[in-house]
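Fold and geometry: a report
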Amino acid sequence: MSAAKLKVVLTVKLPEPVETRMRELFNTTLWYDLSQMPRDKLLQAAQDCDVLVTSINDRIDAEFFDAAPERLKMIANFGVGYDHIDVVKGAEKGIIITNTPGVLTEDTAEMTMGLILAVSRRFVEGAEIVQRGEFSAWSPTFLLGRRVYGKRLGIIGMGRIGQALARRARAFGMSVHYHNRKPVSARISDELGATYWDDLDQMLSRMDVISINAPGGSSTYHMLNAERLAKLQPHALLVNTARGQIVDEQALAAMLREKRIAGVGLDVYEREPAINPELIGLPNAILLPHMASSTIEARTDMGDRVILNVKTFQDGHRPPDRVIPAML
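Predicted, not measured: the structure shown is a model, and the values here were computed from it.

1. Remarks on the domain arrangement of the chain
Assigned domains within the chain: domain 1 (7–99 + 295–327) and domain 2 (105–287). Across the contact, 5 residues belong to domain 1 and 4 residues belong to domain 2. In this assembly, domain 1 packs against domain 2 so that about 390 Å² is buried in total across both faces, 41% of it on carbon and sulfur atoms. Of all residues in domain 1, the largest losses of buried area upon contact with domain 2 belong to Ile-56, Asp-83 and Thr-295, amounting jointly to 68% of the total for that side. In this assembly, domain 1 and domain 2 are joined by 1 salt bridge. Arg-243 is the salt-bridge partner of Asp-83, the closest N and O atoms lying 3.4 Å from each other. Looking at side-chain class alone, the side of domain 1 that touches domain 2 contains 2 nonpolar, 2 polar and 1 charged residues.

2. Observations regarding the UniProt feature "domain: D-isomer specific 2-hydroxyacid dehydrogenase NAD-binding" (unreviewed entry) in the chain
In this numbering, the UniProt entry assigns the feature "domain: D-isomer specific 2-hydroxyacid dehydrogenase NAD-binding" (unreviewed entry) to residues 113–292. In this annotation, residues 113–292 is assigned 31% helix and 15% strand; the end-to-end C-alpha distance for the span is 10 Å.

3. Some points on the environment of Gly-79
One can find Gly-79 in the loop between strand 4 (74–77) and helix 4 (87–92). Placed 113 residues apart in sequence, Gly-79 and Leu-192 show a C-alpha to C-alpha distance of 27 Å.

4. Overview of the pattern of salt bridges
Throughout the structure, instances matching the rule amount to 21 salt bridges. One salt bridge connects Asp-48 with Lys-7, and the closest N-O pair in it is separated by 3.3 Å. Residue Asp-48 is found in the loop between helix 2 (39–45) and strand 3 (51–54), and its partner Lys-7 is found in strand 1 (residues 7–10); the two are separated by 41 residues along the sequence. Note on Asp-48: relative accessible area 41%, which makes it partly exposed. Ionic pairing is found between Asp-61 and Arg-39, a salt bridge with its closest N-O pair at 2.9 Å. Placement of the pair is Asp-61 in the loop between strand 3 and helix 3 (62–67) and Arg-39 in helix 2, with a sequence separation of 22 residues.

Rules of the game
- Residues numbered from 1 in each chain as written.
- Predicted model: local features only at pLDDT ≥ 70, side-chain atom pairs only at ≥ 80, totals over all residues.
- Heavy atoms only, no water.
- Domains from an automatic or database assignment.
- Contact = heavy atoms within 4.5 Å.
- Buried area = accessible area lost by both parts, 1.4 Å probe.
- Salt bridge = Lys/Arg side-chain N within 4 Å of Asp/Glu carboxyl O.
- Nonpolar A, V, L, I, M, F, W, Y, C, P; charged D, E, K, R; others polar.
- UniProt positions renumbered as here; feature names shortened; annotations may be inferred.
- Helix = DSSP H or I, 4+ residues; strand = E, 2+ residues; numbered from the N terminus.
- Buried < 20%, exposed > 50% of the residue type's maximum accessible area, 1.4 Å probe, protein only.

Shown next, in the form of structure tokens:
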């Protein structure tokens, strides 16, 4: 690229330090509204920039790429996931796509462990009772939950986040099990004291808690369908902070209503931001608004990765976090 500053357009409001740095380095147009950029404005913005900084709420599909001019050279996604981007079509158009991996690990693992504790010990139900002024007296049988100490945790997806969760779970005295495309190295397995299950169905039927930490995409779509969910024990808990499409929400809601599973903690949804109405109001479901990575530190680190990718591209080098079709 030439020495001239790249024209960069943001489709979402970012933390102030990130926006300030981007304006210093690039010819940057900010999006000041807290809501996501509407579709028509997204398509319009792509017509007059070199780099478009997007987020998970932007639909960067075939229609988008067909309408993109030759000037658009890069999609710098503010986020790890890229399910919303047609990576193959982007590659055909010669547009570089990047994401921000490796910066949300600890935050997401914290949230996942928090959900495991909250669902197990019914924190939200207790807090709501106090807020409504309905707490009158302590009782030996009031809001009985289950301790996590000594329970078996089954992790689906033993990448960075799965491993960070395993470390936290061990600190709480849980037994760590996992299903992955292949076993982790012996060193990691020994460190985590983790047991590998090649057969997901067998693991599901033997765990007390299941945590989904796998990537999204066609290979994991409805990985936990009605048939697989039925293998969970009635006292089992399910937590998902990965991708909503991994779980068949309709089947999950039915299991919760019929008490064929003890509880769930969800931070992501199959048709996000829409939430299956059958999940709303269930006392054994904790539903969060996709906030696993919502820390000041994580958002700043994500912005730094975006800046690094765009600056590297501006300097004529290959961005470190490039997403290519072979990764799908």
